[in-house]
Amino acid sequence: MAMAGRLRSSFPHFQKILRSDSLSSPQRSTLLCPAFSNPEFSRDYSSASPPKEQKVKVPLTMFGVSGNYASALYLSAVKANALEKVESELLDLVEASKRSPTFAQFMKDLTVPKVTRIKALTEICAQAKLSDITRNFLLILAENGRLRQMEIIAKRFTEATMAHRGEVKAIVTTVIPLPAEEEKELKETLQEILGQGKKVKLEQKIDSSILGGLVVEFSQKVFDMSIKTRARQMERFLRDPANLGI
């Protein structure tokens, strides 16, 4: 992904910023967005207010700090007609933090001075050409000491965007990747269960510990058809004298 590449290229400069001890007062004043006076997430993350306020609702109820931040970001992204772009940028940032130990440590380390965090993120956002909404959102997280929660916030935000699109995430765990034909059949079966108005978004996971078969998770349901689980069931059956008619 182009954005992911720009993120990686910005890390050397990012490390130099982290090594700087302080910033001058003029620099501090230019880093913060004007609307940062609100201490948490209640302001709009977009850089300019729309001419007419849109009535937008989050498609699912989310609780806790991560849910509140994700909900606020969702509302701003919808109003700016930038939902998919913001989602893509957040996911790229999460992936970048997983691939860069320095960036990941920076996101979690509360000992990094606030002004340093804000300057570093401002530079990263500029080089990665992130949208105003994503940039301002990250700066709010930095301002409020919430960068360490970006991954869970991004996850909650994605849950909201999927609900917006009528998508239901299904996770299928197998020992080896499903062949294309079997993946298609599984997706069609799940689609029939969900009915019209919903779309299945299938995610595959590989786990050799299940030994064979598959495990499907979707809509808060788990269908465990793994060889490992069947073996355990058989073991319990054989150990239970009642099942043997004794």
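Engineer: How should I be thinking about the nonpolar core in this particular structure?
Structural biologist: Across soluble globular proteins, nonpolar side chains show a tendency to be buried alongside one another. Formed by 38 residues in total, the largest nonpolar core has its most connected members in Val-86, Phe-106, Leu-138, Leu-141 and Phe-157. Going through the elements one at a time, α3 (64–79), α4 (83–99), α5 (101–108), α6 (114–128), α7 (132–143) and α8 (150–164) are the ones with two or more residues in this core. It is α7 that provides the largest number of residues to this core, a total of 7 residues. Counting 11 residues, the second-largest nonpolar core is a separate cluster that includes Ala-170, Leu-186, Leu-214 and Val-216.

Engineer: Where do I start with the packing of α6 against α7 in this structure?
Structural biologist: Helix packing for two helices is described by the angle between their axes and how far apart those axes are. Across the interface, α6 lies against α7 with an axial gap of 9 Å and an inter-helix angle of 165°. It follows from the interaxial angle that α6 and α7 lie roughly antiparallel. The two elements α6 and α7 meet at a crossing, and its hand is right-handed. Residue-level contacts link Lys-114, Arg-117, Ile-118, Leu-121, Thr-122 and Cys-125 of α6 to Arg-135, Leu-138, Leu-139, Ala-142 and Glu-143 of α7. Its residues assigned to classes, the contact of α6 with α7 comprises 6 nonpolar, 1 polar and 4 charged.

Engineer: What's the story with α7 in this structure? I'm lost.
Structural biologist: Residues lying three or four places apart along an α-helix face the same way, a consequence of the helix completing one turn every 3.6 residues. Under the 1.5 Å per step criterion, the end-to-end length of α7 is 16 Å for 12 residues, consistent within 8% with the ideal 16 Å. Remark: Gly-145 follows α7 within two positions and exhibits a positive phi of approximately 70°.

Engineer: Whenever I open this one, α6 confuses me. Can you help?
Structural biologist: Between its first and last C-alpha atoms α6 spans 21 Å; for 15 residues at 1.5 Å apiece the expected length is 21 Å, and the two agree. Among the residues trailing α6, Lys-129 stands out with phi positive, at a value near 55°.

Engineer: It is not clear to me how the pattern of salt bridges should be interpreted in this structure. Could you clarify?
Structural biologist: A pair can form between side chains of opposite charge whenever their charged atoms are brought close. According to the stated counting rule, one finds 10 salt bridges in the structure shown. In this structure, Arg-165 engages Glu-87 in a salt bridge whose closest nitrogen and oxygen atoms are separated by 3.1 Å. You can see Arg-165 sitting in the loop between α8 and β1 (167–174) and its partner Glu-87 sitting in helix α4, a full 78 residues away along the chain. A relative accessible area of 22% places Arg-165 in the partly exposed class. We classify Glu-87 as buried; its relative accessible area is 7%. Residue Arg-156 pairs with Glu-159 through a salt bridge whose shortest N-O separation is 3.3 Å. Within this pair, Arg-156 and its partner Glu-159 are both found in helix α8, separated by 3 residues, close to a single helical turn. Exposure remark for Arg-156: the relative accessible area of 17% places this residue in the buried category. Since its relative accessible area comes to 31%, Glu-159 is described here as partly exposed.

Engineer: What exactly am I supposed to notice about a negative patch on the surface here?
Structural biologist: Residues Glu-181, Glu-182, Glu-185, Glu-188 and Glu-192 make up a contiguous surface patch of negative charge. For Glu-185, a relative accessible area of 44% gives the class partly exposed.

Engineer: Looking at this structure, I do not really get the pairing of strand β3 (residues 213–218). What am I missing?
Structural biologist: Every other side chain in a regular strand lies on the same face of the sheet, so the side chains alternate between the two faces. Bridging between β1 and β3 involves 5 bridges; their strand directions are antiparallel. For Ile-171, the partnering residue across the bridge sits in β3 and is Glu-217. Where β3 lies against strand β4 (residues 221–226), 6 bridges are found, and the strand directions are antiparallel. Opposite Phe-218, over in β4, you have Lys-221 as the bridge partner. The loop that links β3 with its antiparallel partner β4 comprises 2 residues; one of these, Ser-219, has a positive phi angle of about 50°.

Here is what the cut-offs are and how they apply
Residues numbered from 1 in each chain as written. Predicted model: local features only at pLDDT ≥ 70, side-chain atom pairs only at ≥ 80, totals over all residues. Heavy atoms only, no water. Core = buried A, V, L, I, M, F, W, Y, C linked by side-chain atoms within 4.5 Å. Buried < 20%, exposed > 50% of the residue type's maximum accessible area, 1.4 Å probe, protein only. Helix = DSSP H or I, 4+ residues; strand = E, 2+ residues; numbered from the N terminus. Axes fitted to C-alpha atoms, helices over the stretch in contact; angles between N-to-C directions. Parallel < 35°, antiparallel > 145°, perpendicular 65-115°, else oblique. Left-handed = near helix turned anticlockwise from the far one by under 90°. Contact = heavy atoms within 4.5 Å. Nonpolar A, V, L, I, M, F, W, Y, C, P; charged D, E, K, R; others polar. Expected span 1.5 Å × (residues − 1). Salt bridge = Lys/Arg side-chain N within 4 Å of Asp/Glu carboxyl O. Patch = residues over 30% accessible without salt bridge, like charges linked within 9 Å, V, L, I, M, F, W, Y side chains within 5 Å. Areas by Shrake-Rupley, 256 points an atom, 1.4 Å probe, with all protein chains shown as cover. Lys, Arg positive; Asp, Glu negative; His and termini not counted. Charge placed at Lys NZ, Arg CZ, Asp CG, Glu CD. Pairing = 2+ DSSP bridges.

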